[in-house]
Amino acid sequence: MQPDLHLDLSGLNCPLPILRAKKALAGLTSGQVLSAIATDPGAPKDFEAFCRQTGNALLESSTTDDGRFLLVIRRK
């Protein structure tokens with residue numbers, strides 16, 4: 001799947017990854033996909049909770065080979 005927008009959130013700590021993703025999602029239309037790379041160890045759980053609360057779909061939450069977190073969200 002090719003994302004419509006990609007964010008590199010490396011080096012940012014909570015709550016900045018979520019805040020930047022929220023701002024980026026606001027610029028997307030329904031059904032568009034945002035991918036993000038994060039280094040904050042809390043990012044996977046934070047993004048899961050964010051999507052549950054906002055109704056967006058967390059399509060993927062995985063760890064890359066270099067230990068970063070890949071998070072893919074489809075806007076509701």
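- Per an unreviewed UniProt entry, the protein chain is named Sulfurtransferase TusA family protein, and its organism is Vogesella indigofera.
- Under the UniProt heading Sequence similarities (unreviewed entry), the note attached to the protein chain is "Belongs to the sulfur carrier protein TusA family."

### With respect to the side chain of D40
1) Next: Here D40 lies in the loop between β2 (33-38) and α2 (43-54).
2) Next: Here D40 is buried and forms no salt bridge, its nearest opposite-charge partner K45 lying at an N-O distance of 12 Å.
3) Next: Reaching out from D40, the side chain makes a polar contact with the backbone nitrogen of C14 at a distance of 2.8 Å.
4) Next: Other than its neighbours up to four places away in sequence, D40 contacts L12, N13, C14, P17, D46 and F69.

### Some details on the pattern of salt bridges
1) Next: Taken as a whole and assessed by the stated rule, the structure comprises two salt bridges.
2) Next: In this structure, E48 engages R52 in a salt bridge whose closest nitrogen and oxygen atoms are separated by 3.7 Å. Taken together, the positions of E48 and R52, both in helix α2 and four residues apart, correspond to about one turn of that helix.
3) Next: For E48, a relative accessible area of 43% translates into the label partly exposed.
4) Next: Its salt-bridge partner being D66, residue R68 comes within 3.1 Å of it at the nearest N-O pair.

### Quick notes on the nonpolar core
1) Next: With 18 residues, the main nonpolar core has L7, L9, L25, L34, F47 and L71 as its most contacted residues.
2) Next: Elements with a contribution of two residues or more to this core: β1 (5-9), α1 (16-26), β2, α2 and β4 (69-74).
3) Next: In contact with L7, other than residues within four places in its own chain, are R20, A21, A24, L34, S35, A36 and I37.

Procedures and definitions
Residues numbered from 1 in each chain as written. Predicted model: local features only at pLDDT ≥ 70, side-chain atom pairs only at ≥ 80, totals over all residues. Heavy atoms only, no water. UniProt positions renumbered as here; feature names shortened; annotations may be inferred. Helix = DSSP H or I, 4+ residues; strand = E, 2+ residues; numbered from the N terminus. Buried < 20%, exposed > 50% of the residue type's maximum accessible area, 1.4 Å probe, protein only. Lys, Arg positive; Asp, Glu negative; His and termini not counted. Salt bridge = Lys/Arg side-chain N within 4 Å of Asp/Glu carboxyl O. Polar contact = N/O pair within 3.5 Å; in protein donor to acceptor, adjacent residues only side chain to side chain. Contact = heavy atoms within 4.5 Å. Core = buried A, V, L, I, M, F, W, Y, C linked by side-chain atoms within 4.5 Å.

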